[in-house]
Amino acid sequence: MHCLFLGNLRHHCRDVWGIDVKDHSTPQKVAPHSPDEQRQWLDRVVAALRKKSRSALSGIRKGYLAAVAQVNDIVPETRLTKKEYVAALLNWANSHAIEMLILPPVLAEDTTDFHVSEGPYDISKFRVLTQPVIDVIRADIQNTILPSWLERPPKNFGSAAHGKLKADQWRTVCTIHLTITLVRLWGVASASQRDRLLLDNFIHLITAVDLATRRSMNEDRAKAFDRHMFLYLQGLRDIFSHDLVPNHHLALHLMSCLILFGPVHGWWAYPFERYNGLLQSLNINNLPDDIPLTFMRGFYSGAELRWCMASMNWPDEKVYTDMVSAYTTAFQDATRGTRVSDMLSLTPDRVIPEAHSIVYDVTKQVVLERPRYESVFRTMPPSFASFYATGNNDRPKLAPYVQRVGSTQKAGLTFATRAHGRRDSYVIVPTSINGQLRPGQIADIFLHTRIQEGKQIISTFLVVDLFANLMGPDADHDPFLAFPELSTRLCYNKICSELIVKLEDVVCHFAALLYTPPGIGAECIVCRSLDRVCPLAISDALFTDSTSELEIGMYLPTSLYT
């Protein structure tokens, strides 16, 4: 966790890109300066220093002041702000003859951000994420729709005002928000070679982190992680001439650990961090020697209670139902963040409390529409006959009644209709067209009950409106297609068909962002898969183009994609 999320993701944003050296959150628009105008402004720096005029220097753009300071080895004492550069230049002028001042060369092109050209790529950490890019990132953080189990990063990301970010927040902001924004800005055909170079380097890091932190691991995936991490570090040296740090070195040894020990969830530091927090808040009553035994007794008592409540097959009576409901409400954990979502996803279905707390209320049942009923019927065992079947049939008929609900849960995660909870309504589901995975939005959720082998079976079904794939020339303007390992695609923000699936067949949520890409001219939705389980082969199949329209009720059994 610390090596990848803090030692690499945070390090890249802060120490490689210099995201914490920005001055303003809403700068005014400025006109670019031609090479001749650049020379004139550099001459103004010389004139202001000759007069030792603070006001004259303050009226010059920060880029000129920083460039002059850089070529003369003048370093501000504290922060890299315009005010500090003015003070540092004036201090230099007080102790040096103005004739000793070296001016940087002007740039060959017009620019709003004057700087010293550095190296073959002319990239400096002070100009990677410019203020306009930061503003777009913040707007996308505000507008991106995340499921409720993900903690949203601060809206003023990139400012010191938001304080220290947690490791999980760095993971979210880098692998979701920065990935979406930078690909749509720097991955388009009109982007400069510099921007594409920066993007390719960043995507290598994101892909490596994603591969290393998935919930399943094999040798091929571990080797793919190592390859992307090596390419990322190689890019740091080539592009930035950046000195590698111990966490970079450690990352190159993780492949062996992944092969030997499997998924990182079994040996990373999240549980330790959690218990550190618990220990810090523990009331010791000035009896520190008794803490270990007291803590262990409480831990084992709680574990036994949770296991008993979750695994016991409680009688179907109101007194027991109320007890389980009260227990779940009182002791449920906050299902947000990597620690909880990963833990619940790896827990067997039989020990997840909500699986035993579904109650079908016959007083709220309604008749299901005939087309949807036929879709549900096709998922049932052959021992049932259709309610609408004619003629003699000894098989019991499947009831057409359902109870509609606004939300439901699977492995501790909430899935809701767009009307009940928009954040939890964006999902990726399997279809029967070539095993294709498609993004959609939950329009309806209903419960269906039946008696099978003498037991009541309650099944949860989701009605998912599928988003239309980009077609024809529009597909060529999808910048995410260049990075298939991201499992991210653009779709039209319109519904093409309806699909009914069982709750257990939902693959995952996805992060959604609406915008109109250049070259398409229609509003689209970015679908950033949040699946942390599926193999790469499945992820590569995500949103495969298809011209076929889906029929209502197409269904793919779980065994085809697990």
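The structure we're discussing is the one just above.
Residues numbered from 1 in each chain as written. Predicted model: local features only at pLDDT ≥ 70, side-chain atom pairs only at ≥ 80, totals over all residues. Heavy atoms only, no water.

A. Examining the overall build of the protein more closely. Counting its secondary structure elements, the protein contains 17 helices and 10 strands. For the protein, the residues scored as buried account for 46% of the 562 residues in total. Taking the contacts inside the protein whose residues are at least 6 apart along the sequence as the reference set, 68% of them involve residues at least 24 apart. Accessible area of the protein: about 28,100 Å², with a carbon and sulfur share of 54%. (Helix = DSSP H or I, 4+ residues; strand = E, 2+ residues; numbered from the N terminus. Buried < 20%, exposed > 50% of the residue type's maximum accessible area, 1.4 Å probe, protein only. Contact = heavy atoms within 4.5 Å. Areas by Shrake-Rupley, 256 points an atom, 1.4 Å probe, with all protein chains shown as cover.)

B. Spotlight on unusual backbone geometry. Here lysine 52, not a glycine, exhibits a phi torsion of approximately 55°, which is positive. Turning to its location among the elements, lysine 52 is positioned in the loop between helix H2 (35-51) and helix H3 (54-58). Look at lysine 52 and you get partly exposed, because its relative accessible area is 45%. Positive phi is not limited to glycine here, since glutamate 453 has a value of about 55°. Considering the arrangement of structural elements, one finds glutamate 453 in the loop between strand S6 (437-452) and strand S7 (455-469). By relative accessible area, glutamate 453 is classed as exposed at 78%.

C. Layout of a nonpolar patch on the surface. On the surface, a cluster of nonpolar side chains totalling about 450 Å² of accessible area is made up of Tyr275, Leu278, Met296, Phe299 and Tyr300. Counting residues per element, the ones that place at least two in the nonpolar patch are helix H12 (270-280) and helix H13 (291-311). A total of three residues in the nonpolar patch trace back to one element, the largest contributor, which is H13. Along the chain, leucine 278 turns up in helix H12. (Patch = residues over 30% accessible without salt bridge, like charges linked within 9 Å, V, L, I, M, F, W, Y side chains within 5 Å. Salt bridge = Lys/Arg side-chain N within 4 Å of Asp/Glu carboxyl O.)

D. Seen up close, the state of the cysteines. Here the structure, examined in full by the defined rule, presents zero disulfides. Between cysteine 491, a free cysteine, and cysteine 527, which holds the nearest cysteine sulfur, the sulfur-to-sulfur gap is 4.3 Å. Judged by its relative accessible area of 0%, cysteine 491 falls in the buried class. (Disulfide = S-S within 2.5 Å.)

E. Representation of the packing of aromatic side chains. Considering all chains together, one arrives at 15 aromatic pairs under this definition. Here tryptophan 17 and tryptophan 186 contribute two aromatic rings whose centre-to-centre distance is 6.2 Å and whose plane-to-plane angle is 75°, an arrangement assigned as edge-to-face. Placement of the pair is tryptophan 17 in the loop between helix H1 (2-16) and H2 and tryptophan 186 in helix H7 (residues 167-186), with a sequence separation of 169 residues. Here tryptophan 17 matches tryptophan 186 in class, with each residue buried. Ring geometry for tyrosine 373 versus phenylalanine 377: centroids 6.4 Å apart, planes at 20°, classification stacked. Taken together, the residues span about one helical turn, with tyrosine 373 and phenylalanine 377 both in helix H16 (residues 370-377) at a distance of four residues. (Phe/Tyr/Trp six-rings, centres within 6.5 Å; stacked < 30°, edge-to-face > 60°.)

F. Quick peek at helix H8 (residues 193-212). Across its 20 residues, H8 extends 29 Å between first and last C-alpha, which sits within 8% of the 28 Å expected from 1.5 Å per residue. Summarising burial for H8: 14 of the 20 residues are buried, a large majority. (Expected span 1.5 Å × (residues − 1).)

G. How the structure looks around the nonpolar core. Counting 84 residues, the largest nonpolar core has Trp17 and Leu129 as its most contacted members. The next biggest cluster of nonpolar side chains, apart from the first, holds 27 residues, and it includes Leu42, Val45, Ala48 and Val68. (Core = buried A, V, L, I, M, F, W, Y, C linked by side-chain atoms within 4.5 Å.)

H. How the structure looks around the pairing of S7. Across the 15 residues of S7, 11 count as buried, placing the element largely inside the fold. Here S6 pairs with S7 via 12 bridges, running antiparallel. Following the sheet pairing, glutamine 441 is matched in S7 by aspartate 465. If you look at the hairpin formed by S6 and S7, you'll find two residues sitting between the two strands, and glutamate 453 has a positive phi there, around 55°. Of the strand pairs in this sheet, S7 and strand S8 (residues 488-502) are connected by eight bridges, and their pairing is antiparallel. Residue pairing for S8: valine 464 is matched across the bridge by leucine 499. (Pairing = 2+ DSSP bridges.)

I. Just the pattern of salt bridges, in detail. Tallied over the full model, the rule gives 15 salt bridges. Here lysine 223 ties to glutamate 219 by a salt bridge, and the two come within 3.1 Å at their closest N and O atoms. Of this pair, lysine 223 and glutamate 219 both sit in helix H9 (residues 219-240), separated by four residues, roughly a single helical turn. When the shortest N-O distance is used, the salt bridge between lysine 318 and aspartate 322 registers 2.7 Å. Remark: aspartate 322 and lysine 318 occur in helix H14 (residues 318-331); sequence separation between them is four residues, near one turn of the helix. According to the relative accessible area criterion, lysine 318 is exposed, its value standing at 63%. Beyond isolated ion pairs, a larger network of salt bridges with shared partners links Glu369, Arg372, Arg404, Asp444 and Glu498.

J. Inspection of the side chain of histidine 33 at higher detail. Of note, histidine 33 is situated in the loop between H1 and H2. Engagement of the side chain of histidine 33 in a polar contact is seen with the side chain of arginine 61, the distance being 3.4 Å. Residues within four places of histidine 33 in sequence aside, it is in contact with Gln38, Trp41, Arg61, Tyr64, Glu109, Asp110 and Thr111. (Polar contact = N/O pair within 3.5 Å; in protein donor to acceptor, adjacent residues only side chain to side chain.)

K. Representation of the packing of H13 against H14 within the structure. Running from N to C, H13 and H14 cross one another at 135°; their axes reach a closest spacing of 11 Å. In terms of orientation, H13 lies oblique with respect to H14. Considering the relative orientation of H13 and H14, their crossing is left-handed. Residues Leu305, Arg306 and Met309 of H13 lie in contact with H14, whose contacting residues are Met323, Val324, Tyr327 and Phe331. Taken together, the residues that form the contact of H13 with H14 break down as six nonpolar, no polar and one charged. (Axes fitted to C-alpha atoms, helices over the stretch in contact; angles between N-to-C directions. Parallel < 35°, antiparallel > 145°, perpendicular 65-115°, else oblique. Left-handed = near helix turned anticlockwise from the far one by under 90°. Nonpolar A, V, L, I, M, F, W, Y, C, P; charged D, E, K, R; others polar.)

L. Highlighting the environment of glutamate 374. Mapped onto the fold, glutamate 374 is located in helix H16. The exposure class of glutamate 374 is partly exposed, given its relative accessible area of 22%. Along the primary structure glutamate 374 and serine 386 are separated by 12 residues, whereas in three dimensions their C-alpha atoms are 8.1 Å apart.

M. Representation of the pairing of S8 in the model. Burial runs high along S8: 11 of the 15 residues are buried. For S8 and strand S10 (residues 524-529), the ladder comprises five bridges, and the chain directions are antiparallel. In the sheet register, arginine 489 faces S10, and the bridge partner there is cysteine 527.

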